[in-house]
Amino acid sequence: MLSGDTKLVERCLHGDDSAWEMLVNSYGKRIYNLSYRYTNRKDEAEDLTQDILIRVYQNLKSYRAESGSFQNWILRVARNLIIDHYRQVRRFPQAGGSEELETMNIQDDRAPNPQRVAEQAEASLFLQSGLQSLSPELKEAIVLRDLEGMAYGDMAELLNVPEGTIKSRINRGRLELAKLLMRRRSQLGMQG
Amino acid sequence: MDCSKIEQWLSEYLESSLPAEDMDLVASHLKACSSCSALADEMRSVLSLCHQYPALEMDPDFVEKILLRTSGRPRTRSFRERLQQYFVRPLLTPRFAVGASIATLFLALTVNLMVPRISGAVSALSPQELLRLLDRGVNQLYGEGLKAYEAKNEWQAQFSRFKNNTWNNLRSIMEQMDGPVQGRRKSNESEPPKENAPKEKSSGVLAERIPPA
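This one's a predicted model, so the numbers in the text were calculated from it and none came from an experiment.

**Q** Which parts of the structure should I look at to understand the overall build of chain A?
**A** Broken down by element type, chain A carries 9 helices and 0 strands. Put simply, chain A runs from its N terminus to its C terminus through helices and strands in the order α-α-α-α-α-α-α-α-α. A buried classification covers 45% of the 192 residues belonging to chain A. Contacts in chain A between residues far apart in sequence, at least 24 positions, make up 63% of those at least 6 positions apart.

Structural data, given as structure tokens:
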């Protein structure tokens, strides 16, 4: 994977546009989803993704294979831009509406069951609102680990913090979400 | 064991990444403590929610926009997309719809006009009709054969008549030609033939030159 990405980067630097397209196809969706987790808005996520990929394209020369994987490099660029965007906006992202959830392409091969779709939409809404209530550090840890499936080592390299800190943040984030879910269930139980 | 300590380990416990001893400790605590057990269950639900969280797909037009703004090269289209672009989309235009409607109407009218003939042709394919056609065909063929035979006989008779006439004519001509010749032969038999005269003459000369012994 590492050597493959490095070769693609080299090809890009030699003017091979198809290699750049392959990189966009490989990482575009991930960056887009990462941006969406932070902004919680599709239009902002698209703008951010575009800015990130333009920045990556302009700075491909600065990538050094010796300093780490391309994945971490591109995610670091993405993270920096997302943080800049967050600072510019200076607000906690608003929870996305159900309309956006409906337009999400739910990756499920099973036949669409209305009840299941409704439950999934409800769960996604809960998770979105729960993530917005976390502090940026905890949210970042949960997004990268539980939504993006990154390894602890890669996260430590990306965030430039020890692995123990990463694990601690993830645990705290999960605990907060679990407590939030517990409170929600109890509220629903009281209402019922 | 303290509940706060269990909370610190809960995430790793659910990922089974704790050392075996600590795993046992947490497991035994969860059996005994209902609040920590409930918290662990909720954390499992959170992890399950995270894994089921839907991923957004990038719109192809959005990818195209990014590529055009970076490398300036448009997106490579798959075979299916190209098929849609060049064949399916043109078929879905109003112009094609109008053309298809007119063609269908024309086809329907043509079929409507052709149906009686087709049905007539189909009825001719019944066994009785086929036998009748076959019988008619055989009779016609037999009649044609008879005609041809009669014509042949007529031609043969004409030829034989012509041959006989010609032969008779030739014979009469030959007889006419032979008549004077025979007459001359008869007259020549009384007189010595002229062509023998030189012989006789020569013999005469010889007779003159060579005296008989």
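**Q** Looking at this model, I keep getting lost on the interface of chain B and chain A. Mind explaining?
**A** How big an interface is tends to be stated in terms of accessible area lost as the parts join. Of the residues lining the interface, 36 residues belong to chain B; the matching set on chain A comes to 44 residues. In total, chain B and chain A occlude about 3900 Å² of area from one another, counting both sides; carbon and sulfur atoms represent 65% of this. The largest contributions to the chain B side of the interface with chain A come from Tyr53, Pro54 and Leu56 of chain B, which together make up 20% of the buried area. Where lysine 179 of chain A meets glutamate 7 of chain B, a salt bridge forms, and the shortest distance between an N and an O atom there is 3.6 Å. Our enumeration of links across chain B and chain A arrives at 13 residue pairs in polar contact (both at pLDDT 80 or more).

**Q** How do you make sense of the side chain of arginine 30 of chain A when you look at a structure like this?
**A** All names here are of chain A. Here arginine 30 lies in helix H2 (residues 17-39). The exposure class assigned to arginine 30 is buried, which follows from its relative accessible area of 19%. If sequence neighbours within four positions are ignored, arginine 30 has contacts with Gln71, Leu75, Glu148 and Met150.

**Q** Just checking my understanding: could you explain the side chain of glutamate 21 of chain A for this structure?
**A** Mapped onto the elements, glutamate 21 of chain A comes out in helix H2. Among the residues examined, glutamate 21 of chain A registers a relative accessible area of 6% and is labelled buried. Excluding anything up to four places from it in sequence, glutamate 21 of chain A contacts Leu67, Arg73, Pro74, Arg75 and Thr76 of chain B.

**Q** What exactly am I supposed to notice about helix H4 (residues 70-89) of chain A here?
**A** Helical geometry: 3.6 residues make up each α-helical turn, so side chains three or four residues apart lie on a common side. The terminal C-alpha atoms of H4 of chain A lie 28 Å apart, and with 20 residues this matches the ideal 28 Å at 1.5 Å per residue to within 8%. Among the residues making up H4 of chain A, those that are buried are Phe70, Gln71, Asn72, Trp73, Ile74, Leu75, Val77, Ala78, Leu81 and Ile82 of chain A.

**Q** Would you mind showing me how to read the packing of aromatic side chains here?
**A** Residues and elements named next belong to chain A. Per the counting criterion, the structure on display carries 6 aromatic pairs over all chains. With a centroid separation of 5.6 Å and 55° between ring planes, the pair formed by tyrosine 63 and tryptophan 73 is classed as tilted. One end of the pair, tyrosine 63, is in the loop between helix H3 (42-58) and H4; the other, tryptophan 73, is in helix H4, and 10 residues separate them in sequence. Residues tyrosine 63 and tryptophan 73 agree in their burial class; the two are buried. One cation-aromatic arrangement involves arginine 145 over tyrosine 152; the distance from NZ or CZ to the ring centre is 4.1 Å. Sitting over the ring of tyrosine 152, lysine 167 keeps its end group 5.3 Å from the ring centre.

**Q** How should the pattern of salt bridges be read in this particular structure?
**A** Two side chains that carry opposite charge are able to pair once their charged atoms sit near each other. Here the structure, examined in full by the defined rule, presents 17 salt bridges over all chains. With its nearest N and O atoms 3.0 Å apart, the salt bridge here joins arginine 73 of chain B to glutamate 21 of chain A. Note that arginine 73 of chain B is positioned in the loop between helix H4 (60-70) and helix H5 (79-91) and glutamate 21 of chain A in helix H2, a pairing that runs across two chains. Given a relative accessible area of 29%, arginine 73 of chain B falls into the partly exposed group. Several salt bridges converge on common partners, so that one network encompasses Arg145, Asp146 and Arg174 of chain A together with Glu15 of chain B.

**Q** Which parts of the structure should I look at to understand a nonpolar patch on the surface?
**A** All names here are of chain B. Where nonpolar side chains cluster on the molecular surface, the patch consists of Phe79, Leu83, Tyr86, Phe87, Val88, Leu91, Leu92 and Phe96 and spans about 880 Å² of accessible area. When residues of the nonpolar patch are assigned to their parent elements, the largest contribution, 6 residues, is made by H5. Tracing the sequence through the fold places phenylalanine 87 in helix H5.

**Q** I'm lost on the state of the cysteines in this one. Help?
**A** What we call a disulfide is simply a covalent bond connecting the sulfur atoms of a pair of cysteines. The tally for this structure, following the rule as stated, stands at 0 disulfides over all chains. Cysteine 36 of chain B forms no disulfide, and the closest cysteine sulfur to it belongs to cysteine 3 of chain B, at a distance of 3.5 Å.

**Q** Explanation requested: H2 of chain A in the structure shown.
**A** All names here are of chain A. At tyrosine 27, H2 shows its maximal kink, close to 40°. Counting buried positions along H2 yields 17 of 23 residues, so the element is predominantly enclosed. With its phi angle positive at about 65°, asparagine 40 sits one or two positions after the end of H2.

The rules behind these values
Residues numbered from 1 in each chain as written. Chains lettered and ligands numbered in written order. Predicted model: local features only at pLDDT ≥ 70, side-chain atom pairs only at ≥ 80, totals over all residues. Heavy atoms only, no water. Helix = DSSP H or I, 4+ residues; strand = E, 2+ residues; numbered from the N terminus. Buried < 20%, exposed > 50% of the residue type's maximum accessible area, 1.4 Å probe, protein only. Contact = heavy atoms within 4.5 Å. Buried area = accessible area lost by both parts, 1.4 Å probe. Salt bridge = Lys/Arg side-chain N within 4 Å of Asp/Glu carboxyl O. Polar contact = N/O pair within 3.5 Å; in protein donor to acceptor, adjacent residues only side chain to side chain. Expected span 1.5 Å × (residues − 1). Phe/Tyr/Trp six-rings, centres within 6.5 Å; stacked < 30°, edge-to-face > 60°. Lys NZ or Arg CZ within 6 Å of the ring centre and 35° of its normal. Patch = residues over 30% accessible without salt bridge, like charges linked within 9 Å, V, L, I, M, F, W, Y side chains within 5 Å. Areas by Shrake-Rupley, 256 points an atom, 1.4 Å probe, with all protein chains shown as cover. Disulfide = S-S within 2.5 Å. Bend = angle between axes of the 7 residues up to and from the residue.

Fair warning: the whole summary comes from geometry, so function is off the table for now.
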